[in-house]
Amino acid sequence: MAVAATSLPLRQIRSGKVRDVYALDDDTVLLVATDRVSAFDVVMNETIPDKGAVLTQLSAWWFEKLGTAVKHHMITADTAEIVARVPELVPYEEELSGRTMLCRRAEVFPVECVIRGYLSGSAWKEYSASGTLAGEPLPTGLRESDRFDPPLFTPATKAAEGHDENITVARMTREIGRAASELERLARLVYEFGSEIASERGIIVADTKLEFGRARGNEGAEEIILVDEVLTPDSSRFWPAGRYEAGRPQESFDKQPLRDYLEAERKAGRWTGNAPPPSLPSNVIDEMSARYRSIFEMLTGQPLSAALA
Ligand SMILES: Nc1ncnc2c1ncn2[C@@H]1O[C@H](COP(=O)(O)OP(=O)(O)O)[C@@H](O)[C@H]1O
Ligand SMILES: [Mg+2]
């Protein structure tokens, strides 16, 4: 069952580009990853079958692997367990199945914590135009997809609408205070952890975007935890390591077919680059759905169907 939007008998606190978020109480939220897909910050009209389940089950797999190395928000991503704890959801079990995560509620920091191991995406765009990243100079002579060692921490604002803006660490510190350096430390840790595991499977994590929040701990003290999704194809660029070559864009395992289609529509003058999006042909939808399932399988070593069984 593909799901474009949910309407559960709970208090909805947000509808993001992909997730519908409900508050159960002061300390717990329900995150439902729909099958909505966005590209270039525009949400498409169509849904991608299995996408929500891939995002939720892949995040759950990473959260479990992270264990206690980085504190995180996941309580459970087992739909049967969630429905048992929240009986109002019994009639919605099929719709929620696989895509739902019960989480500790956090006050989310208004910054995307981006770690870049390679020069790509918006960073390459800015660098190739002006030699800078978030306005600060980078070494000269870098090529597209060049590796950064060590990786760069490049925070971005969370734009309510439209495109996120890269900001300096100094500006991030002005905005959120002393927590900034802890967020950087944790983001680097997650990236290092994830890229090592991915590299064993022949996958490069070119970059990834993480969110953190403050939550109440057991003793009532506040702690910083990793929230939202982690190391998914929506939040990360995954490249096949075997075909990596600096000096050109890389073919990636993520939304490439969708981006390629949209770029072609834009170049042909059929799309402005902003909402409303053009409609997607079924081959693009099918290809995207297969990609999400296949990246899940490549990383976790098991098919999505096995994770959902
Ligand atoms: N544990 C949490 N507590 C509160 N809010 C959360 C938590 N985890 C994620 N969120 C928020 O829920 C929303 C998830 O929706 P999503 O579709 O990913 O949004 P976006 O369009 O901002 O990427 C985001 O605004 C995210 O900050
Ligand atoms: Mg998000």
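Residues numbered from 1 in each chain as written. Chains lettered and ligands numbered in written order. Predicted model: local features only at pLDDT ≥ 70, side-chain atom pairs only at ≥ 80, totals over all residues. Heavy atoms only, no water.

Asker: Is there a simple way to think about the sheet that holds strand β2 (residues 19-23) in this case?
Answerer: Strand pairing in a sheet relies on backbone hydrogen bonds. The paired strands run either parallel or antiparallel. As summarised here, the arrangement of the five strands in space is β1-β2-β3-β7-β6, forming an open sheet in which the pairing is antiparallel. Here the strands that pair on one side only, and so sit at the sheet edges, are β1 (11-15) and β6 (74-76). Mean inter-strand twist for the sheet, computed between neighbouring axes without regard to direction, equals 35°. Bridge count for strand β3 (residues 28-33) against strand β7 (residues 100-104) is five bridges, and the pairing is antiparallel. What sits directly across from Leu30, in β7, is Leu102. Across the sheet, helix α1 (residues 51-66) lies against β2, β3, β6 and β7, angled at about 45° from β7, the strand it touches most. (Pairing = 2+ DSSP bridges. Helix = DSSP H or I, 4+ residues; strand = E, 2+ residues; numbered from the N terminus. Axes fitted to C-alpha atoms, helices over the stretch in contact; angles between N-to-C directions. Contact = heavy atoms within 4.5 Å.)

Asker: In this structure, what is going on with the environment of Leu258? I would like to understand it.
Answerer: Note that Leu258 resides in helix α7 (residues 256-267). A residue is classified by how much of its surface remains accessible, and Leu258, at 1% relative accessible area, is buried. Distance in space between the C-alpha atoms of Leu258 and Gln57 is 22 Å, their sequence separation being 201 residues. Those residues within four positions of Leu258 in sequence are excluded, and the remaining contacts are Val37, Ser38, Ala39, Met44, Leu280, Val284 and Met288. (Buried < 20%, exposed > 50% of the residue type's maximum accessible area, 1.4 Å probe, protein only.)

Honestly, that's just the spatial picture; any functional story needs more than this.
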